[in-house]
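# Summary of structural features
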Amino acid sequence: MRLECLSRYVSFSWILVAFLCFLIFPQVIGAQQDHEAELLAQLADANAADAISIERELQLMWSKSGSSAMDFLLRRGEDALEAKEYDRAIEHLTALTDHAPEFAEGWYARARAFALSEHYGPALADLERALTLNPNNYRIIFDLAAILERFGDFLAAFKAYRLVEDLHPNYEHLAEALERVQLHINGTSL
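The text that follows walks through the structure, step by step, so that each part is easy to find. In this text, all values refer to a predicted model and were calculated from it rather than measured experimentally. (Residues numbered from 1 in each chain as written. Predicted model: local features only at pLDDT ≥ 70, side-chain atom pairs only at ≥ 80, totals over all residues. Heavy atoms only, no water.)

### A few points about the nonpolar core
Core analysis: the largest hydrophobic core is formed by 51 residues, its most contacted members being L58, L96, Y138 and Y161. For this core, the element with the most residues is helix 7 (residues 138-150), which contributes seven residues. Other than its neighbours up to four places away in sequence, Y138 contacts L43, E55, L58, Q59, W62, V164, L167, H168 and Y171. (Core = buried A, V, L, I, M, F, W, Y, C linked by side-chain atoms within 4.5 Å. Buried < 20%, exposed > 50% of the residue type's maximum accessible area, 1.4 Å probe, protein only. Helix = DSSP H or I, 4+ residues; strand = E, 2+ residues; numbered from the N terminus. Contact = heavy atoms within 4.5 Å.)

### So, the pattern of salt bridges
Inspection of the entire model under this criterion finds six salt bridges. Here E85 and R88 are joined by a salt bridge, their closest N and O atoms 2.4 Å apart. According to the relative accessible area criterion, R88 is partly exposed, its value standing at 32%. Between E165 and R162 there is a salt bridge whose closest N-O contact spans 2.8 Å. Residue E165 and its partner R162 are located together in helix 8 (residues 154-167), separated by three residues, close to a single helical turn. (Salt bridge = Lys/Arg side-chain N within 4 Å of Asp/Glu carboxyl O.)

### Notes on the packing of helix 3 (residues 68-82) against helix 5 (residues 104-116)
At a minimum axis distance of 10 Å, the contact between helix 3 and helix 5 shows a crossing angle of 20°. When the axis of helix 3 is compared with that of helix 5, the two are roughly parallel. At the point where helix 3 passes helix 5, the crossing takes the left-handed sense. Across the interface between the two elements, L74, E78 and L81 of helix 3 pack against E105, A109, R112, A113 and L116 of helix 5. Of the residues assigned to the contact of helix 3 with helix 5, the class counts are five nonpolar, no polar and three charged. (Axes fitted to C-alpha atoms, helices over the stretch in contact; angles between N-to-C directions. Parallel < 35°, antiparallel > 145°, perpendicular 65-115°, else oblique. Left-handed = near helix turned anticlockwise from the far one by under 90°. Nonpolar A, V, L, I, M, F, W, Y, C, P; charged D, E, K, R; others polar.)

### Re the layout of surface pockets
When its volume is computed, the second largest pocket comes out at roughly 220 Å³. Every residue along the wall of the second largest pocket is listed here: L81, E82, A111, R112, A115, L116, L127, D143, A146 and I147. When contributions to the lining of the second largest pocket are tallied by element, the ones reaching two or more residues are helix 3, helix 5 and helix 7. Top element by residues in the lining of the second largest pocket is helix 5. It accounts for four residues. Class assignment for the residues of the lining of the second largest pocket results in seven nonpolar, no polar and three charged. (1 Å grid on protein atoms, 1.4 Å probe; cavity = no way out; pocket = protein on both sides within 12 Å on 5 of 7 lines; lining within 4 Å. Points joined across faces, edges and corners; volume = space filled by probe spheres on them.)

Okay, here's the thing in structure tokens:
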């Protein structure tokens, strides 16, 4: 009898938890999306000094997967990138993208590792996946533009850099990148 009551209690507890998740998570996600949109709007109009703190807040938001284990894998991958251990970074970040395929930052970090190890095909594929998941991440677009520029597709690179400019006009190295690419496309119809 006692086991049966415990079993009913556990079942009821799981139903209650599932119901609360159903009610709360959409509100949390909606609030986060609203906050992200607000920050992006501020960033587009911010001066260079204010843009730094807004950018930091956006990057902090984007770097949270919702799982401490996945956040740990991201940190391990980024630490390996910083140490220029690209193969090790790719291993950690592949584990991250395998276990959290909807986490854009994992794909972006692995794309950086691939690009730094000069594996541009996989880098482009990961950037595409990251952009599908987070089309407002100006860092992803900037890195895509840099690869396009590296391979001589200056017009596409220019258009991508302009998208970055729309989102974050004060992005580091953006002005130089736009100027550099414009030198290559002068005379070409934009």
